Amino acid sequence: PPRFGKISNSVLIPLMISNALAGKPLPVYGDGMNVRDWLHVRDHCVAVDLVLRRGRPGEAYNVGGENEWRNVDLVKLLLKKLGKPESLITFVSDRLGHDRRYAIDDAKAQRELGFTRQYAHFEDGLRATIQWYLDNQAWCEAVLRKR
């Protein structure tokens, strides 16, 4: 079957939204300058479907969002949109060997599979994500209690 290249599936955004809504500290690794390429979950699902249906066996397809952000800047943006103070940010020890930047070139997925992003503008996808968490707080709290 076709394979995926590196896909960012970080839990940073869900963790930061959940913690911010609860008034808990937001742990950010190191100095927060690690850069990641962010892709909305719906766009990720579209990419998975395209790879499964149109991908060539044995080929790898990178899928990205063309939305690189430093972690600390993303967390500050989330706090601003949620009306929460930046004082919730808590810098924690970085993981050993933690990559400073993930860069994704998904030209092959666009060219060969016809992949396009519905959420081409990062802030549109982030706004939709935040709204989902606000609309589903009870469900999120129930899931977190089961952990």
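Residues numbered from 1 in each chain as written. Predicted model: local features only at pLDDT ≥ 70, side-chain atom pairs only at ≥ 80, totals over all residues. Heavy atoms only, no water.

Draft legend 1. Region of interest: the packing of helix 1 (residues 12-22) against helix 5 (residues 122-135). Across the interface, helix 1 lies against helix 5 with an axial gap of 11 Å and an inter-helix angle of 50 degrees. By the angle between their axes, helix 1 is oblique relative to helix 5. Here helix 1 runs over helix 5; the crossing is right-handed. The segment helix 1 lies against helix 5, with I13, P14, I17, S18 and L21 engaging L126, T129, I130, Y133 and L134. Of the residues assigned to the contact of helix 1 with helix 5, the class counts are eight nonpolar, two polar and no charged. (Axes fitted to C-alpha atoms, helices over the stretch in contact; angles between N-to-C directions. Helix = DSSP H or I, 4+ residues; strand = E, 2+ residues; numbered from the N terminus. Parallel < 35°, antiparallel > 145°, perpendicular 65-115°, else oblique. Left-handed = near helix turned anticlockwise from the far one by under 90°. Contact = heavy atoms within 4.5 Å. Nonpolar A, V, L, I, M, F, W, Y, C, P; charged D, E, K, R; others polar.)

Draft legend 2. Local environment of the environment of T129. Checked against the element boundaries, T129 lands in helix 5. C-alpha of T129 to C-alpha of I17: the two residues are 112 residues apart in sequence and 9.3 Å apart in space. Apart from residues no more than four positions distant in its own chain, T129 is found in contact with I13, I17 and H40.

Draft legend 3. Broad picture of the nonpolar core. Grouped together as the largest cluster of nonpolar side chains are 21 residues, with contacts concentrated most on L26, L74, V75, L78, L79 and L126. Of all the elements in the fold, those that place two or more residues in this core are helix 1, strand 2 (26-29), helix 3 (71-82) and helix 5. Among the elements that take part in this core, helix 3 stands out by supplying six residues, more than any other. Not counting the four nearest positions on each side in its chain, L26 is found in contact with M16, N19, A20, V75, L79, L88, I89 and T90. Ranked by size, the runner-up nonpolar core spans nine residues in total, among them L50, V63, A109 and F115. (Core = buried A, V, L, I, M, F, W, Y, C linked by side-chain atoms within 4.5 Å. Buried < 20%, exposed > 50% of the residue type's maximum accessible area, 1.4 Å probe, protein only.)

Draft legend 4. Quick peek at a nonpolar patch on the surface. Where nonpolar side chains cluster on the molecular surface, the patch consists of W132, W139 and V143 and spans about 320 Å² of accessible area. Of note, V143 is situated in helix 6 (residues 137-146). Residue classification places V143 among the partly exposed residues on the basis of a relative accessible area of 35%. (Patch = residues over 30% accessible without salt bridge, like charges linked within 9 Å, V, L, I, M, F, W, Y side chains within 5 Å. Areas by Shrake-Rupley, 256 points an atom, 1.4 Å probe, with all protein chains shown as cover. Salt bridge = Lys/Arg side-chain N within 4 Å of Asp/Glu carboxyl O.)

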